[in-house]
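Tertiary structure, described
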Amino acid sequence: MFDRIATRYDFLNRMLSFRQDVIWRKRMARYLPDGERLRVLDVATGTADQIFSLLRHAPRVDKAVGVDMAEKMLEVGRAKATERGLTDRVTLRTGDAARIPEPDGLYDAVTISFGIRNTVDVVQALGEMRRVLRPG
């Protein structure tokens, strides 16, 4: 379904949430851990709006990776990264929240926005997010 609406997804999010999605994403930056040069993983990243918001509102984020099962959503996100000159800081790849294709303990923070509602096994997905977090 998300591949079919990929080019309209951002517009639909803004319209259906009355632009609250923008506020929610901005607020997420407040919850990042202390530190510099943070590595962040965004699960179910879609068109990577959460990543772009974090890069804008939390300059201490150095690198961000987004994973999503919908390749066409990722294509939209990659185009946005190119337009914004962020391809050196943003990587978007196909991946499942229940089997995150990343090594253990690599990330300082893991985020997920609306995608949690689409995970088949929330407990499994949360366990995977914890697995890829840096200890401590």
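Residues numbered from 1 in each chain as written. Predicted model: local features only at pLDDT ≥ 70, side-chain atom pairs only at ≥ 80, totals over all residues. Heavy atoms only, no water.

**Considering a positive patch on the surface**
On the surface, K26, R27, R30 and R56 cluster together to form a positively charged patch. Among the secondary structure elements, K26 is positioned in helix 3 (residues 20-28). Take K26: its relative accessible area is 47%, and that puts it in the partly exposed class. (Patch = residues over 30% accessible without salt bridge, like charges linked within 9 Å, V, L, I, M, F, W, Y side chains within 5 Å. Areas by Shrake-Rupley, 256 points an atom, 1.4 Å probe, with all protein chains shown as cover. Salt bridge = Lys/Arg side-chain N within 4 Å of Asp/Glu carboxyl O. Lys, Arg positive; Asp, Glu negative; His and termini not counted. Charge placed at Lys NZ, Arg CZ, Asp CG, Glu CD. Helix = DSSP H or I, 4+ residues; strand = E, 2+ residues; numbered from the N terminus. Buried < 20%, exposed > 50% of the residue type's maximum accessible area, 1.4 Å probe, protein only.)

**Here we look at the nonpolar core**
Counting 18 residues, the largest nonpolar core has L32, I51 and V90 as its most contacted members. Of all the secondary structure elements, the ones that give two or more residues to this core are strand 1 (38-43), helix 4 (49-57), strand 2 (61-68), helix 5 (71-83) and strand 3 (90-94). If one sorts the elements of this core by residue count, helix 4 sits on top with four residues. The contacts of L32, once residues within four sequence positions are left out, are L38, V40, L54, A58, R60, V61 and A109. Counting residues in each nonpolar core, the second largest holds eleven residues, with L41, V67, A97 and I100 among its members. (Core = buried A, V, L, I, M, F, W, Y, C linked by side-chain atoms within 4.5 Å. Contact = heavy atoms within 4.5 Å.)

**Some details on the sheet that holds strand 3**
Each strand in a sheet pairs with its neighbour through backbone hydrogen bonds, running either in the same direction (parallel) or in the opposite one (antiparallel). The four strands are arranged 3-2-1-4 in an open sheet whose pairing can be described as parallel. Looking at strand neighbours, the two that pair on one side only are strand 3 and strand 4 (109-112), the edges of this open sheet. Shown here is a sheet whose adjacent strand axes are inclined to one another by a mean of 20°, direction ignored. When strand 1 meets strand 2, the two strands line up parallel, connected through six bridges. (Pairing = 2+ DSSP bridges. Axes fitted to C-alpha atoms, helices over the stretch in contact; angles between N-to-C directions.)

**Some words on helix 4**
Counting buried residues along helix 4, seven of its nine residues qualify, which places the element largely inside the surrounding structure. Three or more residues of helix 4 are buried, namely D49, Q50, I51, F52, S53, L54 and L55.

**A closer look at the pairing of strand 1**
With five of its six residues buried, strand 1 lies for the most part within the structure. The parallel pair strand 1 and strand 2, bridged by helix 4, forms a crossover whose chirality is right-handed. One ladder, built from four bridges, connects strand 1 with strand 4; its direction is parallel. Paired with V43 across the strands is I112, a residue of strand 4. (Right-handed = clockwise from strand over helix to strand, strands pointing away.)

**Considerations on the packing of helix 3 against helix 4**
Where helix 3 contacts helix 4, the two axes come as close as 8 Å, and the packing angle between them is 55°. Between helix 3 and helix 4, the angle falls in the class oblique. The handedness of the crossing between helix 3 and helix 4 comes out as right-handed. Along its contact with helix 3, which presents R25, K26 and M28, the element helix 4 presents D49, Q50, S53, L54 and H57. Its residues assigned to classes, the contact of helix 3 with helix 4 shows two nonpolar, three polar and three charged. (Parallel < 35°, antiparallel > 145°, perpendicular 65-115°, else oblique. Left-handed = near helix turned anticlockwise from the far one by under 90°. Nonpolar A, V, L, I, M, F, W, Y, C, P; charged D, E, K, R; others polar.)

**What to know about the pattern of salt bridges**
In this structure the tally under the stated criterion is nine salt bridges. In this structure, the salt-bridge partner of R37 is D62, at a minimum N-O distance of 3.5 Å. A residue pair is termed long-range when its members are at least 10 positions apart, and R37 in the loop between helix 3 and strand 1 and D62 in strand 2 qualify at 25 residues. Classification of R37 as exposed rests on a relative accessible area of 62%. One salt bridge connects R78 with E71, and the closest N-O pair in it is separated by 2.5 Å.

In short, the description is geometric, and any link to function would need to be established separately.
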